[in-house]
Structure formats: C-alpha cells, structure tokens
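# Notes for the structure review
Spelled out, the chains give:
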Amino acid sequence: MKEVEVNHHKIVLVRNEGKFSAVGGLCTHYGAPLIKGALVGNRVRCPWHGACFNTTTGDIEEYPGLDSLPTYKVKVEDGKVYVTAGKQTLTKRVKEMSCRVPGVCHTVLLIGGGPASLQCAETLRQNNYGGRIIIVTKDEQLPLDKTKLSKAMNIEVEKILLRPSDFLQQHGIEVLKEKEVVSVNTEAKTVAFNDGTSQHYDQLLISTGARARAMQCPGAEMENVKLLESYKDAAGIYQMSLGKKAVIIGTSFIGMEVAAYLSDKAASVAVVGKSKFPYQFSLGPDIGKMTMKMLEEKNVKFYMSSDVAEMRGVKGRVKEIVLQNGDVLPADVVIVGIGVIPNSHFLKGSAVEVDSRNAVVVDKFMKTNIPDVFAAGDVASFPLCIREDKRVQIGHWQLAQAHGRVAALNMLNKQTELNSVPFFWTVLLGKSIRYTGYGEGYTDIVFKGNVDERKFLAFYMKGDDVVAAASLNFDPAVAKVAEIMATGKKITKSQAESEDLGWLQLP
C-alpha cells in the first residue's frame, strides 16, 4: 500500500500480484487512515475499529460502518502509475440501492432500531428487493450510533444518526418509532404492538438487542437512579451530573466509559465494582488495574470488591449509597451498568426457540427454528466460526451489522454463512483499547510492550492457541490478528511468546 494525495484527498494505491488499484484512503466509519491498517490480499482492514474494504471494488466487506470506499481509475504507462480522480472527490460511496416496486406485496418486518435492522434493510435494497421494508423501534429517534452514547453523552442527535430520514425515504425503508412489539404469531405471520395495532409480515427479523439490567436493592427505584439505553438517557445523565456527585455501579465497558466522560464534568465520580479490578474477566486484571489508574489520575474514586446494600434518599431521590461493608457514598445521580438481558420477552408463548439466558437461537444463516423468522444482534445466540461453532451471545456493534447482512442475504435465498471475527473497542480519556476474537475461558495472557506504560499487545491463550487479542497504542496489531483469524489460521502460543513478531508484519 502507498498513500497518495489527489485534490487534497488521501487515496490508497495498492499493488496486489502485479495489479494496481486505488481506493479512498479513509475508513468510512470514523475516518481512520487505511494506510495504517492491515492489508491481506485485496482486502484492507481499518486499524481503529476493524472495518474491511475490498481494494479492487472499494466495497465494505466487514463492519462497522455503512458505506464503501470510492474507487479511482489507474493506468500504468512507461513504468509510471497514473491515478485519475473526478472533479468531485468523495470520501465515501453508498452502494447502489433499489427502492420499493409498486405492486410487490411482500413485506419484511425488522423489529428493533439498531445496526442489525438497518444493515438488513440496506442489504435487501442493495440486492434489488422490491417489497416493503418496515423497521419498528421503541426509540424516539431513527437508528443511531449508540456506541457514542457512553463516550460522548452530550452530543447532538443529528450527529449520531446512522442515516438521515430522507435517505431512508428515498430507498423505501419505513421506520415506525415509539412502537413496541408485545407478541408474535408465527402461524398467522403477524406481530402485535403496544398501541393495539398489528402488522403482517412475510419475513421477520428479531433484532431487539438487550436491555440494561436494573439494580435489585432497597431504594433502586428512585428517580435519579439511571440506566443508559437511549439518547434521552445519555442526555439526561449528562445534565444531572454537571457539577454534581455521580456514582457509577459496575466496572464493565459502559460504566467505565461513563466514569471517564464525567470525570471532568461532575463534582465527583465514584465507581463501585464487585471484582478486584475493572474488566477483570474480559480483559484481565493487568489491563483492569491500568485503566483504574488512568481514571484515578482524573480523581475518579474506586470502591472495588464491593456491592451496594441499599440506596437512601429523600422525596424519591437518592442522596447516598450504602455499600455492604458499611461505606456511605454521597450521590446526586446513580448510573447503573451491571450487564444486560436479551429483549425477547415478547416471544413468550410463541414457537420461536430461546435458550436458558433468553437469547434467540439461530444457525449460521441467522435462521431461527421457525421458517421466515430470523434473528440478529445482541438478542441472538449464534455459532461462532472461530471457536468451532461454539454457541455464543456477543454484544458487539460490528457483529450486529454482520448478522443483519447475513440475515438479509438468506431472506433472499442467497445462501450465506456468518463467518465474522468479533472486533470491539472501548475509549477512555481519549485512549482506545481494541479487542478481537473471543477470549471467554482463556487460561493465560501473553503481553508484548508494557501495560504500565500504556503501550501493549495482549494475546489471550486457551491451551496452545491464541483465542483473542487486545491492544493500546499498538496499531495495527489487533487488525492484523483479526485478519489472520479471518483466514482460519491458528495463532500458536510459541508465536505469541516469540521476541520476533515478524509473523504479524507490523510496520
């Protein structure tokens, strides 16, 4: 790869097996420079969040992000390579999409207003589906980039819309807002809503995500105890926290991101966690300890190996949190981030299979046990290709998009299996930790770099195999690992432990 500039726009020129191609140089998700990404064959993976693009066609092949890269004309003459750009140089390209065809009375109903539903809708239109597409969401807004809600809580809603309303109208994608599904009749192929109305479908996607788990302790029902699930929640928590005492319960990704964001906005931030360190079970104690130190430097106080006994308040508003060890924390606002529950309650009494955790069971084609009913995103329990088809439920934004695409293609009888490698990121105080793979049940961690210096690459081992990797200030290592995993190759313990990381081909 080589980065060149044409009309003040960055373009990536690629030579693969002697053939040249040129595509836009910035990832269409958040604008990362693709020159710093991982190139494998004719596919480049973004160093920041793992989106992949075909360097010949510019098409997006792995998520996050909705748009493809622009492509440019390349010719070789007398040993020189010429790249031609039009007068209007774009940074992103929307794949060609059809719209609704009059007279076609087939309906695809997508329950849930998240990335899985939107990706499913767009994939259907990209493949010339001419029927009716309806997205149903309980939210007040059109589909949003919800990953921003815990990282930038005071953001204008227009800035995080995944698509503006005129785009959706143009392509015949209907969005019914503030509407909740209460039941599904798979025999009659109808869905009933909370307002008493119902809708017939020919094919159905269940992509209702997961809801935040509420606290179960005395006082948890008070009005300034908040869950972060929607744009309204984020804006409300931000306003309530300004210059006030904020207490966050839970030290997973949402809780830690909120703590970091509020660290210079609230009068004080306290974090209560059950484990010894944040992220102890997902990223491990060393990384957890480092993130704790980062936030402590910003005056965030941690109360670890601890749990809430009760919340005390006046006139329905919390004033203090009592921990099980007797510590009392003053609180003007309490934000709860203690895990999630799949939104599948409306399937009770239906024939759709759910597992013991109430996740909807699907196969590699995102099909449920009922014909014409599919599921995707955080609500789905699916077979993970990189772990011998172990059934998992993973709440990653990128996977939800991949699920939506696979569901759409199989709705159109274009048989397509899910083969995505999970990719995830979290941001604390401007620093981004990247993560790929599936580390549950890991037995050991091999570190490169130095965690205390906040520059590291961590390999999560299960026996002799690397099952996941995480990094900070070590790009594009995690993108490279994801690409190796995507090819089906194993990464061994000896590779992870070797001094020479040449096999990763880091710059």
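To be clear, the structure that these remarks concern was listed above.
These notes cover the structure that comes with them. (Residues numbered from 1 in each chain as written. Predicted model: local features only at pLDDT ≥ 70, side-chain atom pairs only at ≥ 80, totals over all residues. Heavy atoms only, no water.)

## A short note on the environment of leucine 142
Note the threshold: The numbering of helices and of strands both runs from the N terminus, where a helix is a DSSP run of H or I of at least 4 residues and a strand a run of E of at least 2. Only protein chains enter the area calculation, which uses a 1.4 Å probe; residues under 20% of their type maximum are buried, those over 50% are exposed, and those in between are partly exposed. Between two residues, a contact is recorded if the distance between any of their heavy atoms is within 4.5 Å.
When you line up the elements, leucine 142 lands in the loop between strand E11 (132–136) and helix H2 (165–170). The exposure class of leucine 142 is buried, given its relative accessible area of 14%. In this structure the C-alpha to C-alpha distance between leucine 142 and proline 164, which are 22 residues apart in sequence, comes to 7.9 Å. Not counting chain neighbours up to four residues away, the residues in contact with leucine 142 comprise Leu161, Arg163, Pro164, Ser165, Leu168, Val175 and Lys177.

## Re the packing of helix H4 (residues 253–262) against helix H5 (residues 285–296)
The cut-off we apply is this: Where helices are involved, their axes are fitted lines through C-alpha atoms of the stretch in contact, as for all axes, and angles between N-to-C directions lie from 0 to 180°. Should an angle fall under 35 degrees it is called roughly parallel, over 145 degrees roughly antiparallel, and 65 to 115 degrees roughly perpendicular, with every other angle called oblique. Left-handed describes a crossing whose near helix is turned anticlockwise from the far helix by less than a right angle; the clockwise case is right-handed. Charged means Asp, Glu, Lys or Arg here, nonpolar means Ala, Val, Leu, Ile, Met, Phe, Trp, Tyr, Cys or Pro, and polar covers whatever is left, Gly included.
Where H4 meets H5, the axes come as close as 10 Å, and the angle between the chain directions of the two elements is 25°. For the element pair H4 / H5, the angle class is roughly parallel. In this structure, the crossing between H4 and H5 has a hand that is left-handed. Of the residues in H5, those in contact with Met256, Ala259 and Ala260 of H4 are Thr291, Met292 and Leu295. The residue inventory of the contact of H4 with H5, partitioned by class, reads 5 nonpolar, 1 polar and no charged.

## Section: the packing of helix H1 (residues 115–126) against helix H6 (residues 397–411)
H6 packs onto H1 with a crossing angle of 35° between their chain directions and a minimal axis gap of 7 Å. Crossing angle aside, the handedness with which H1 passes H6 is right-handed. For the pair H1 and H6, the contacting residues are Pro115, Ala116, Gln119, Cys120, Thr123 and Leu124 in the first and Trp397, Ala400, Gln401, Gly404, Arg405, Ala408, Leu409 and Met411 in the second. Of the residues belonging to the contact of H1 with H6, the class tally is 9 nonpolar, 4 polar and 1 charged.

## Focus: helix H3 (residues 231–241)
Let me state the cut-off plainly: Working definition: the arc comes from the directions between the helix axis and the C-beta atoms, pointing outward to the latter.
When H3 is considered as a whole, its buried residues turn out to be Tyr231, Ala234, Ile237, Tyr238 and Ser241. Mapping the buried residues of H3 onto a view down its axis gives an arc of 135°, with all of them on the same face. Set apart from the buried face of H3 by more than 90 degrees, the exposed residues are Lys232 and Gln239. Here the buried face of H3 lies against strand E18 (225–227), strand E19 (245–249), H4 and strand E25 (333–336). Two residues or fewer after H3 comes glycine 243, characterised by a positive phi angle close to 65°.

## A word on H4
H4 sits mainly inside the fold: 9 of its 10 residues count as buried. Buried within H4 we find Phe253, Gly255, Met256, Glu257, Val258, Ala259, Ala260, Tyr261 and Leu262.

## Describing the side chain of serine 381
Structurally, the position occupied by serine 381 is in strand E29 (residues 380–384). Each residue touching serine 381, except ones within four places of it in the same chain, is listed here: Asp355, Ala359, Val360, Val361, Val362, Arg391 and Val392.

## What about the pattern of salt bridges?
Two side chains that carry opposite charge are able to pair once their charged atoms sit near each other. In plain terms, the rule: Counted as salt bridges are all cases of a side-chain nitrogen of Lys or Arg within 4 Å of a carboxyl oxygen of Asp or Glu.
The final tally for this structure, using the stated rule, is 28 salt bridges. Between arginine 43 and glutamate 483 there is a salt bridge, with the nearest N and O atoms lying 2.9 Å from each other. Placement of arginine 43 in strand E5 (residues 43–45) and of glutamate 483 in helix H7 (residues 477–486) is noted, with a sequence separation of 440 residues between them. Glutamate 483 carries the same exposure label as arginine 43, and that label is buried. Here lysine 265 ties to aspartate 264 by a salt bridge, and the two come within 2.9 Å at their closest N and O atoms. Aspartate 264 gets classed as exposed once you look at its relative accessible area, which sits at 61%. One salt-bridge network, held together by shared partners, links Arg43, Arg45, Glu61 and Glu483.

## Remarks on the sheet that holds strand E2 (residues 9–16)
Hydrogen bonding along the main chain pairs the strands of a sheet, whether they run parallel or antiparallel. The cut-off we apply is this: Note on pairing: DSSP must find at least two bridges between two strands before they are called paired.
Sheet architecture is open: 5 strands sit in the order E1-E2-E3-E8-E9, paired in antiparallel fashion. Of all strands in the sheet, those bounded by a partner on one side alone are strand E1 (2–6) and strand E9 (80–84). Across the sheet, the mean angle separating the axes of adjacent strands is 30° when strand polarity is ignored. Strand direction decides the pairing type here: strand E8 (residues 71–77) and E9, joined by 5 bridges, are antiparallel. When the sheet's bridge partners are listed, valine 74 is paired in E9 with valine 83.

## Considerations on the pairing of strand E20 (residues 268–272)
Taking burial as the measure, the 5 residues of E20 include 4 buried ones, the bulk of the element. Judged from the 5 bridges that link them, E19 and E20 form a sheet pairing that is parallel. Considered in E20, the bridge of lysine 245 is made with serine 268. Bridge analysis of E20 against strand E21 (residues 300–303) gives 4 bridges, and the strand direction is parallel. Looking across to E21, one finds that valine 272 is bridged to tyrosine 303.

## Describing the packing of aromatic side chains
The line we're drawing: Two rings belonging to Phe, Tyr or Trp (six-membered ring only in the last case) form a pair when the distance between their centres is within 6.5 Å. Interplanar angles under 30 degrees mark stacking, angles over 60 mark edge-to-face geometry, and anything in between is tilted. Working rule: Lys NZ or Arg CZ, within 6 Å of ring centre, within 35 degrees of ring normal, means a charge sits over the ring.
Tallying each qualifying case throughout the model produces 8 aromatic pairs. With 6.5 Å between their ring centres and 90° between their planes, tyrosine 30 and tryptophan 425 make a pair best called edge-to-face. Pair noted here: tyrosine 30 is in the loop between strand E3 (19–24) and strand E4 (38–40) and tryptophan 425 is in strand E31 (residues 423–428), with a separation of 395 residues, a long-range link. Judged by relative accessible area, tryptophan 425 falls into the buried class, the value being 5%. When the ring centre of phenylalanine 167 is taken as reference, the NZ or CZ atom of arginine 163 above it lies at 4.2 Å. Here the guanidinium or amino end of lysine 367 rests over the ring plane of phenylalanine 365, the centre of that ring lying 5.7 Å away.

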